[in-house]
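Chains, contacts and geometry: an overview
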Amino acid sequence: MRKRIQQDTAVRIVDRGAKILVIGEEKETAIVGQMLDELLSAVRKGHTPDVSDLTYALNEARGDSAADLGAVLSEAPRALRKDMQIKPRTRGQKEYLDALKHSDVTVCTGPAGTGKTYLAVAAAVSALLNKRVNRLILTRPAVEAGENLGFLPGDLQEKVNPYLRPLYDALYSMLDVERVRRLAEREMIEIAPLAFMRGRTLAHSFAILDEAQNTTTEQMKMFLTRLGEGSTAVVTGDITQIDLPPSKVSGLIEARRVLRDTPGVAIVNLDRSDVVRHPLVQNIVDAYEADAAARDAESPEGRVRTDAPATDTPE
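Owing to the predicted nature of the structure, the values given are computational and were not obtained by experimental measurement. (Residues numbered from 1 in each chain as written. Predicted model: local features only at pLDDT ≥ 70, side-chain atom pairs only at ≥ 80, totals over all residues. Heavy atoms only, no water.)

**Remarks on the pairing of strand E5 (residues 105-109)**
Counting buried residues along E5, five of its five residues qualify, which places the element largely inside the surrounding structure. The side-chain alternation of E5 yields two buried faces, one formed by Val 105, Val 107 and Thr 109 and the other by Thr 106 and Cys 108. With five bridges connecting them, E5 and strand E9 (residues 232-237) associate as parallel partners. Within the sheet, the bridge partner assigned to Cys 108 lies in E9 and is Thr 236. (Buried < 20%, exposed > 50% of the residue type's maximum accessible area, 1.4 Å probe, protein only. Helix = DSSP H or I, 4+ residues; strand = E, 2+ residues; numbered from the N terminus. Pairing = 2+ DSSP bridges.)

**Here's the deal with the sheet that holds strand E6 (residues 135-140)**
Taken in spatial order, the six strands line up as E7-E6-E8-E9-E5-E10 in an open sheet, and their pairing is parallel. One side of each edge strand has no neighbouring strand; the edge strands of this open sheet are strand E7 (189-193) and strand E10 (265-269). Neighbour-to-neighbour, the strand axes of the sheet open up by a mean angle of 15°, direction not taken into account. Of the strand pairs in this sheet, E5 and E10 are connected by five bridges, and their pairing is parallel. Bridged to Thr 109 within E10 is Asn 269. Sheet strands touched by helix H5 (residues 91-102): E5, E9 and E10. Its angle to E10, the strand with the most contacts, is close to 165°. (Axes fitted to C-alpha atoms, helices over the stretch in contact; angles between N-to-C directions. Contact = heavy atoms within 4.5 Å.)

**Here we look at the pattern of salt bridges**
Enumeration according to the criterion identifies eight salt bridges in this entry. We note a salt bridge from Glu 190 to Arg 200, for which the minimum N-O separation is 2.7 Å. With Glu 190 in strand E7 and Arg 200 in the loop between E7 and strand E8 (205-209), the pair connects residues that are ten residues apart, well separated along the chain. As a salt-bridge pair, Glu 254 and Arg 257 come within 3.0 Å of each other at their nearest N and O atoms. With Glu 254 and Arg 257 both in helix H10 (residues 251-258) and three residues apart, this pair spans about one turn of that helix. (Salt bridge = Lys/Arg side-chain N within 4 Å of Asp/Glu carboxyl O.)

**Observations regarding the pairing of strand E2 (residues 19-24)**
Where strand E1 (residues 11-16) and E2 come together, six bridges link them in antiparallel fashion. Its bridge partner lying in E2, Arg 12 is registered against Ile 23. Two successive antiparallel strands, E1 and E2, enclose a turn made up of two residues, where Gly 17 displays a positive phi of approximately 75°.

This is the structure in structure tokens:
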């Protein structure tokens, strides 16, 4: 940890047993001191920080927003099952988990690596195993992202399965393959393309629409109006990765705008500070955001597909 802090900052850290001495410029030492105070607070509450916690805490301190971060990192885990617990790694993730717990409909946007799908599936599996719902429904739009669906081998189900694989991956990280198979056979877990949702009413279910940036307005409305008694719906997506034709408006962008003041609906916007994958993922997100900003500056009308319109909910 000490070496990592020294690599990422312009300070030198001296370990003097019960005390740590931070040497460097006043501004940088103040940032590192605040970061260490919050990490120490988390440790005292039973949390063991890792490298991603350190990076996040440092970024928060640099943004002068590290206050009470220790409480976020040390929040009590939310049990998924006895041998698996879920807890937030960032402020944004805490807001997201709170929304999943208290809202009937949650719309979450954010870049890759922020845990949008994983946390939604975790909340859904928890609700299913604890018998708060009877069914878990995971769906995605089967939109071609630079590849031709028609050239894939097999029947319709075999063609769309690759699009649904990330949902299977999230499930398999929480439940073993055999249990997923048994629950699917009993129709307690269903993973299907969004088109299969039309005309249904989903009662006592936890429904997740993933990759929702690739839905049209009509598809999004169709999914949200499937909600029946005792059900929860979660919509996730990344509005910087829209694969719809240029003539189509993303249903996710429209949903954020239309539903922002609707009681019972929570809108959560995660950003690059909430990336919790390999640290390189955040650097990649930063690089693409910087490139997009540079291209926008050169040609303001050059990119209209990757950002929300001016009428959308402010970030």
